[in-house]
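Below are the chains, spelled out letter by letter.
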Amino acid sequence: MTAIRIDGKAMAEVVRNEVAEGVARLKAEHGITPGLAVVLVGEDPASQVYVRNKVKQTEACGMRSFHHVLDRETSRDQLMTLIDRLNTDDQVHGILVQLPLPDHLNSKDVIEAIDPAKDVDGFHTRNVGTLWTGGSSFVPCTPLGCLKLLKSVEPEIAGKHAVVIGRSNIVGRPMAALLLNESATVTMAHSKTADLPALCRQADILVAAVGRPQMVKSDWIKPGAIVLDVGINRIPTEDGKGRLVGDVDFDDVATVAGAITPVPGGPGPMTIACLLANTLQAAKRSYID
Ligand code: GUN
């Protein structure tokens, strides 16, 4: 391996400590305790793990956590009633509805019902529009974490060619917007892109967010490129427990890249840290506005 290993776990701890200090200051100076409401509908096991970690880390940095677990049969009206209540609750500064939602609930509808000032996921169209027009808004947590990891190894992003593989609303699209706002030249690649390996070989910065285990290989990489791996995929192992891998073949790509994030321990831990940072920001804005 020749690449620098970008340590998302260590950096997430730094961000969490900064948030905890900010929370303590907000309490001492303004008597405000930031509060995050997390809503989970149904029993998706991966979502349950994510939500549990979010609740634990919210409390660990001194914030209030409001955890709402709803039955998988919850109706649209019931969910909307809860969101309305959270929108008007002064103790709640951030609202997160864990995705994916069960099929009978339209996630777009639900996201649009969240007060944009409490939309710490940055998924509401008002926040998406602000991000794409270069303004200051809540930025989705995974791409925000990726940008912080990128800046830790490359402070000069302007003029670099960034290729983002994946066009989801949660990662790919906001990642492209963030890189564009940093004056990178951005190419968005997706399942219909022709000759993806050749395109990736042009990238100074490569972000993989497609959910295809170890798809990106060393012959896709420009020597010295920075590779950010957002994929979290479980692959089978002989002992039956499975193993987490990213969208990038880490051992192979690390022989060519300049810097690379591991899985686990890359963008994953940064996502929750950035959620906490967004919640603190929402609480600060609530007394300024
Ligand atoms: N599901 C997977 N990632 C996310 C995220 O960042 N926010 C929400 N709300 N749901 C998710």
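Computed from a predicted model, the values in this text were never measured in an experiment.

**Things to note about the overall build of the chain**
What the chain contains, in helices and strands, is ten helices and eleven strands. Its C-alpha atoms give the chain a radius of gyration of 19 Å, within 12% of the compact-globule value 19 Å for 289 residues. For the C-alpha atoms alone, the extent of the chain along its principal axes is close to 50 × 40 × 35 Å. Taking all 289 residues of the chain together, the buried fraction comes to 49%.

**Some remarks on the environment of Lys-284**
Secondary-structure assignment places Lys-284 in helix H10 (residues 267-288). The exposure class of Lys-284 is partly exposed, given its relative accessible area of 35%. Between the C-alpha atom of Lys-284 and that of Met-63, which follows or precedes it by 221 residues, the distance is 13 Å.

**Digging into the state of the cysteines**
Inspection of the entire model under this criterion finds zero disulfides. The thiol of Cys-141 is not disulfide-bonded; the next cysteine sulfur, from Cys-274, is found 6.4 Å away.

**Looking at the site of the ligand**
Surveying the vicinity of the ligand reveals the residues Leu-96, Val-97, Gln-98, Leu-99, Asp-121 and Phe-123. Measuring from a nitrogen atom of the ligand, one finds a side-chain N or O atom of Gln-98 at 3.3 Å. In isolation the ligand offers 280 Å² of accessible surface; the protein chains occlude 83% of this area. Residues belonging to the shell around the ligand are distributed by class as follows: four nonpolar, one polar and one charged.

Criteria and thresholds
- Chains are numbered independently. Their residues run from 1 in the order of the written sequence.
- Whole-chain, interface and lining totals are the exception, using all residues; otherwise, since this is a predicted model, local features are given only for residues with pLDDT of at least 70 and side-chain atom pairs are given and counted only at 80 or more.
- Side-chain metrics rest on all non-hydrogen atoms present in the structure, leaving aside hydrogens and water.
- Numbering of helices and strands runs from the N terminus, with a helix taken as a DSSP run of H or I at least four residues long and a strand as a DSSP run of E at least two residues long.
- Our radius of gyration looks at C-alpha atoms and nothing else; its globule reference is 2.2 Å times the residue count to the power 0.38.
- Note on classification: 1.4 Å probe, protein chains only; a residue is buried when its accessible area is under 20% of the maximum for its type, exposed when over 50%, partly exposed between these limits.
- When two cysteine sulfur atoms lie within 2.5 Å, the pair is treated as a disulfide.
- Here, proximity means that at least one heavy atom of the residue falls within 4 Å of the molecule or strand.
- Counting of polar contacts relies on pairs of N or O atoms within 3.5 Å, with two restrictions inside protein: one atom must be capable of donating a hydrogen and the other of accepting it, and residues adjacent in sequence are counted only when both atoms are side-chain atoms.
- Reported accessibility uses the Shrake-Rupley method at a 1.4 Å probe radius. Residues are deemed covered only where the shown protein chains occlude them.
- Charged means Asp, Glu, Lys or Arg here, nonpolar means Ala, Val, Leu, Ile, Met, Phe, Trp, Tyr, Cys or Pro, and polar covers whatever is left, Gly included.

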